[in-house]
Amino acid sequence: MIYRNYGKTGKKVSVLGFGGMRFGNIEDTEKSANLLVEAAEGGVNYFDTAPKYFGTKSEEVFGKGLSLLRAKKLPYYLSTKTFASREYDIRSELEAQLKRLDVDAVDFYHVWCITSLDDWKRRKRDEVIRTFQKLKEEGLIRHICVSSHLIGDEIKELLEEGEFEGVLFGYSAYNFATRQAAFDAIRSRSLGCVVMNPLGGGLIPQNPEFFDFIRNTKEETVVEAAIRFLIAHDDISTALVGFSNSRQIQEALKAVNGYLPFSQGRLDEMKSHASASLEGICTGCQYCDKCPRGIPIPRYMDTYNQKILGRGETEIRNRMKLHWGITPEGAGECISCGICEDACTQHLPIIDRLKEISGMQA
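Let us look at the structure shown here.

1. Things to note about the overall build of the protein chain
Along its length, the protein chain carries 16 helices and 10 strands. Scaling as 2.2 N^0.38, a compact globule of 362 residues should have a C-alpha radius of gyration of about 21 Å, and the protein chain matches this with 20 Å. Dimensions of the protein chain, computed from the C-alpha atoms along their principal axes, are close to 60 × 50 × 40 Å. Counting every position in the protein chain, which comprises 362 residues, the buried fraction comes to 55%. By sequence separation, contacts in the protein chain at least 24 residues apart represent 74% of the contacts at least 6 residues apart. For the protein chain, the computed accessible surface area is about 15700 Å², with 46% contributed by carbon and sulfur atoms. Of the charged side chains in the protein chain, 47 are positive and 50 negative; the average position of the first set lies 3 Å away from that of the second.

Quick look at the structure:
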C-alpha cells in the first residue's frame, strides 16, 4: 500500500480509500462489515461514508466494521458528512452519526455536497464553519473538510477561502478537465485531497475500449489503469472506490500494489489523448456558462456526456437530480439565443442537447 500526507494534518492516509455507497448486499450487515476488514488487512486506512448512503444503513455497517478493525488492532481514519448548516441540525445529526458509527469522534467531517457558490454562501450565513470549529474544539470532529461538485474556477474559489483542511470531489480519466483549477488551490493551501468516482461512476469499466488509452500494458485492466491514473497525481491523497464485493477489493489492491510510477509526460499524453479522442464529450471548460436565463449549462452538458457513453434515461435523470440538483424541465428554459454555442470552444450543439434533455421527463 502507498501512503500519503493528508494536507497539513500530520495524518498519512492510504492512496486507496473505501467508499461506503456501493455495498452489494447492504442488508447482510456482517458480510458488508467484513469488506472493511478485508480492505484494512490489505492496507486501506481511509474509510468514507455518509448519512444518506442506503438511508443510514451504510453508517451502521461502518459502525460494525470499525469495531471489528479495533478488535483486530487495524488502524483507520473515518470520514463522513452532513448536509445540515445550522448548529442545532448539525449537532443533532452528528450525535446520531457517532452512535451509528460507534465512535467518539469523526476524523474527517465534511460540509457535504456544495453544488454552487450561492449554496456555499447560504451555508456560511448559517454559520456552518463556526459550528464545525466548535465541534473540533470539543473533540467531536478532528478535521474540517468539504465535499464539492463545483467545477473550474468555482471550486478553486471555494478552496482558496481557507476554511478547510481537505476536499473531496469527483475526478477520473473521464472528467479530469473540469477539476484542474482545484489543484492550484490544493497545492497553495496544502490541502488533503480525496477523489471519488475514480471509475467515472462505472462509465470507464463499462466502456473499456473507449478508455483503452489509459492502459500502460496489455495485461493491465482498464480498472487498474484508471486507479493508477489517479495515483500518478501527487496532489491526490486518496482515491475512493465504492466496493460491492471482495473481488473488487482485490482488483483495486492489485492496482495499487502493482503501480509503477510513470512520467509527467506520460500523464500529459493520457490527458491529451482523452481530449482528442472523447469527441463530442463536453470537457467542462465552462465558457458556455453565460446563459441569460440562468440555465447551468455545464451541468447539463455533463449530463449529456452520460448519454454519449450509453447511459439510459433513468440513470441520466438520477444523475441530474442526485449529483447536480437539476431537472430535465430546467433545460427546457432555453430560448435558443445561441450565446452558449458562440462561446463553446468545442463547437458542440448545446441547444439541441438541451432540447433532448428537456424531453427526458418521467
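2. Remarks on the nonpolar core
Counting 86 residues, the largest nonpolar core has Phe 18, Phe 47, Leu 159, Phe 169, Tyr 171 and Ile 186 as the members making the most contacts within it. If you tally residues by element for this core, the top one is helix H9 (residues 222-231), at 8 residues. Setting aside residues no more than four positions away along its own chain, Ile 186 makes contact with Leu 159, Val 167, Phe 169, Leu 191, Cys 193 and Asp 235. If you look at the next biggest cluster of nonpolar residues, it comprises 22 residues, including Cys 288, Tyr 300, Met 301 and Ile 326.

3. Topic: the side chain of Thr 131
You can see Thr 131 is positioned in helix H5 (residues 128-137). Looking at Thr 131, the relative accessible area reads 1%, which means it is buried. Once you skip the residues sitting within four places of it in the chain, Thr 131 turns out to touch Glu 87 and Ile 90.

4. Details of the packing of aromatic side chains
Aromatic ring pairs are described here by two measures, namely the spacing of the ring centres and the angle between the planes. Summed over all chains, the structure comprises 20 aromatic pairs. Pairing Phe 18 with Phe 62 gives two aromatic rings, centres 6.0 Å apart and planes at 70°, and the pair type is edge-to-face. Of this pair, Phe 18 sits in strand E3 (residues 16-19) while Phe 62 sits in helix H2 (residues 57-71), and the two are 44 residues apart along the sequence. On the numbers, 4.2 Å between centres and 20° between planes, the contact of Phe 83 with Trp 112 is stacked.

5. Examining helix H16 (residues 350-358)
For H16, the full list of buried residues reads Ile 350, Ile 351, Arg 353, Leu 354, Ile 357 and Ser 358. Down the axis of H16, the sector holding all buried residues measures 160°, keeping them to one side. For H16, the elements touching its buried residues are helix H12 (297-308), helix H13 (313-324), helix H14 (328-331) and helix H15 (339-343).

6. A look at the sheet that holds strand E4 (residues 46-48)
On the basis of which strands lie adjacent, the closed barrel formed by 8 strands has the order E3-E4-E5-E6-E7-E8-E9-E10 and parallel pairing. Neighbouring strand axes in the sheet, compared pairwise and without regard to direction, differ in orientation by 30° on average. As paired strands, E4 and strand E5 (residues 77-82) are joined by 3 bridges and run parallel to one another. From the neighbouring strand, Phe 47 faces E5, where its bridge partner is Leu 78.

7. A few points about the pairing of E5
Of all 6 residues in E5, 6 are buried; the element is thus mostly enclosed. Burial of E5 is two-sided: the residues Tyr 77, Ser 79 and Lys 81 facing one way and the residues Leu 78, Thr 80 and Thr 82 facing the other way are all buried. Handedness of the crossover joining E4 and E5 through H2: right-handed. For the handedness criterion, the β-α-β arrangement of E5, helix H3 (residues 87-101) and strand E6 (residues 106-114) is classed as right-handed.

Analysis parameters
Residues numbered from 1 in each chain as written. Predicted model: local features only at pLDDT ≥ 70, side-chain atom pairs only at ≥ 80, totals over all residues. Heavy atoms only, no water. Helix = DSSP H or I, 4+ residues; strand = E, 2+ residues; numbered from the N terminus. Rg over C-alpha atoms; globule rule 2.2 N^0.38 Å. Buried < 20%, exposed > 50% of the residue type's maximum accessible area, 1.4 Å probe, protein only. Contact = heavy atoms within 4.5 Å. Areas by Shrake-Rupley, 256 points an atom, 1.4 Å probe, with all protein chains shown as cover. Lys, Arg positive; Asp, Glu negative; His and termini not counted. Charge placed at Lys NZ, Arg CZ, Asp CG, Glu CD. Core = buried A, V, L, I, M, F, W, Y, C linked by side-chain atoms within 4.5 Å. Phe/Tyr/Trp six-rings, centres within 6.5 Å; stacked < 30°, edge-to-face > 60°. Arc of directions from axis to C-beta. Pairing = 2+ DSSP bridges. Axes fitted to C-alpha atoms, helices over the stretch in contact; angles between N-to-C directions. Right-handed = clockwise from strand over helix to strand, strands pointing away.

Structural measurements only, silent on function.
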